[in-house]
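Coordinate inspection notes
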Amino acid sequence: MKFSRVARRVARIGAVMLLMTAVVACGRFGDALNNEMSPETRQQLIDAGALEDPNRRTFADLFQNQADPNVTVEVNRYLWNASLEILDFMPIEAADPFSGVIVFGYGTPPGSGRAYQATVYVQDPALDARSLRVALRSRGGPVSRETARQIEDAILTRARQLRIRDADL
């Protein structure tokens, strides 16, 4: 019975991939015809809806990496690693290094009886206080902004220590 589930899942994935290939291939068929006509005729056919507009975005465009590396958001590795070190008493529920979000589950810091949960957002490649946001809450609700700021300061201090350590190498 377990084998049939796996076989069905593989068949479904194969069918989806075949369908996606067919959809992408449909958009590429008319390219040979477009090269044989004058620009005026091509524009008239595009305006009439007989030919696909080359400037229109398609489903296949989703799979092309068109992001400009000079504009994409990067995450500061020192802030990322410092966040993991400072909040190591909390279990990691989710982490996305591309967007800079780390979601921690409830954990109790050493020497305290209160459990906390945190979400850390590293939003810039600069090692700067503006690059870091920490949302901290306890089982009783949100904690004071001062407590969250102390956690941010601890992360920033550790990040600077990590950067200084790497600079000595």
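Residues numbered from 1 in each chain as written. Predicted model: local features only at pLDDT ≥ 70, side-chain atom pairs only at ≥ 80, totals over all residues. Heavy atoms only, no water.

Considering the overall build of the chain
Cut-off, in case you're wondering: Secondary structure elements follow DSSP: runs of H or I of four or more residues count as helices, runs of E of two or more count as strands, with numbering from the N terminus. The contact definition used throughout considers only heavy atoms, calling two residues in contact when any of these lie within 4.5 Å. The method behind every accessible area is Shrake-Rupley, applied with a 1.4 Å probe, and residues are considered shielded solely by the protein chains displayed.
A count of helical and extended segments in the chain gives 5 helices and 5 strands. In the chain, the succession of α and β elements from N to C terminus is α-α-α-α-β-β-β-β-β-α. Here the analysis covers contacts within the chain between residues at least 6 apart in sequence; of these, 38% occur between residues at least 24 apart. On the chain, roughly 12200 Å² of surface is accessible, and the fraction owed to carbon and sulfur atoms is 57%.

Regarding the nonpolar core
The criterion, for reference: Think of a nonpolar core as a cluster: buried Ala, Val, Leu, Ile, Met, Phe, Trp, Tyr and Cys residues, connected wherever their side-chain atoms sit within 4.5 Å. The classification of residues rests on relative accessible area computed with a 1.4 Å probe and restricted to protein chains. Under 20% of the type maximum is buried, over 50% is exposed, and intermediate values are partly exposed.
Counting 23 residues, the largest nonpolar core has L79, L87, V120, L132, L136 and I155 as the members making the most contacts within it. Elements with a contribution of two residues or more to this core: α4 (77–86), β2 (101–104), β3 (116–122), β4 (132–138) and α5 (145–167). Look past the residues within four positions of I155 in its chain and what remains in contact with it is L79, A82, S83, I86, L87, L132 and V134.

A closer look at the sheet that holds strand β1 (residues 92–96)
To keep things clear, this is the line we draw: Pairing between strands is defined by DSSP: at least two bridges between them are needed. Each axis is a line fitted through C-alpha atoms, and for a helix only the stretch in contact is used; angles between axes span 0 to 180 degrees, taken between their N-to-C directions.
Taken in spatial order, the 5 strands of this open sheet run β1-β2-β3-β4-β5, and their pairing is antiparallel. Each edge of the sheet is formed by a strand with only one pairing partner; in this case those strands are β1 and β5 (141–142). Sheet topology note: the β2/β3 ladder contains 3 bridges and is antiparallel. Bridge pairing in β3 links V103 to T119. Together, β1, β2, β3 and β4 form the strand contacts of α4, whose direction differs from that of β2 by roughly 5°.

Details of the pattern of salt bridges
Pairing is possible between side chains that carry opposite charge, provided their charged atoms lie close to one another. Put simply, the test is: Note on definitions: salt bridges are taken to be side-chain nitrogens of Lys or Arg within 4 Å of carboxyl oxygens of Asp or Glu.
Counted by the stated rule, this structure contains 5 salt bridges. For the salt bridge of R158 with E85, the shortest nitrogen-to-oxygen distance reads 2.6 Å. With R158 in helix α5 and E85 in helix α4, the pair connects residues that are 73 residues apart, well separated along the chain. Of the residues examined, R158 reaches a relative accessible area of 23% and is grouped as partly exposed. A salt bridge links R130 to D128; the shortest N-O distance between them is 2.7 Å.

Things to note about the packing of α4 against α5
How we decide: Should an angle lie under 35 degrees it is considered roughly parallel, over 145 roughly antiparallel, and from 65 to 115 roughly perpendicular; all remaining angles are considered oblique. Handedness of a crossing follows from how the near helix is turned relative to the far one, being left-handed for an anticlockwise turn of less than a right angle and right-handed for a clockwise one. Basically, the charged four are Asp, Glu, Lys and Arg, the nonpolar ten are Ala, Val, Leu, Ile, Met, Phe, Trp, Tyr, Cys and Pro, and anything else, Gly included, counts as polar.
Closest axis-to-axis distance for the α4/α5 pair is 8 Å, and the angle between their directions is 120°. Relative to α5, α4 is oriented oblique. As α4 packs across α5, the resulting crossing turns out to be right-handed. Taken together, the residues of α5 that come into contact with α4 (itself represented by R77, Y78, L79, N81, A82, S83, E85 and I86) are A154, I155, L156, R158, A159, L162, R163 and D166. In terms of residue class, the contact of α4 with α5 is built from 9 nonpolar, 2 polar and 5 charged.

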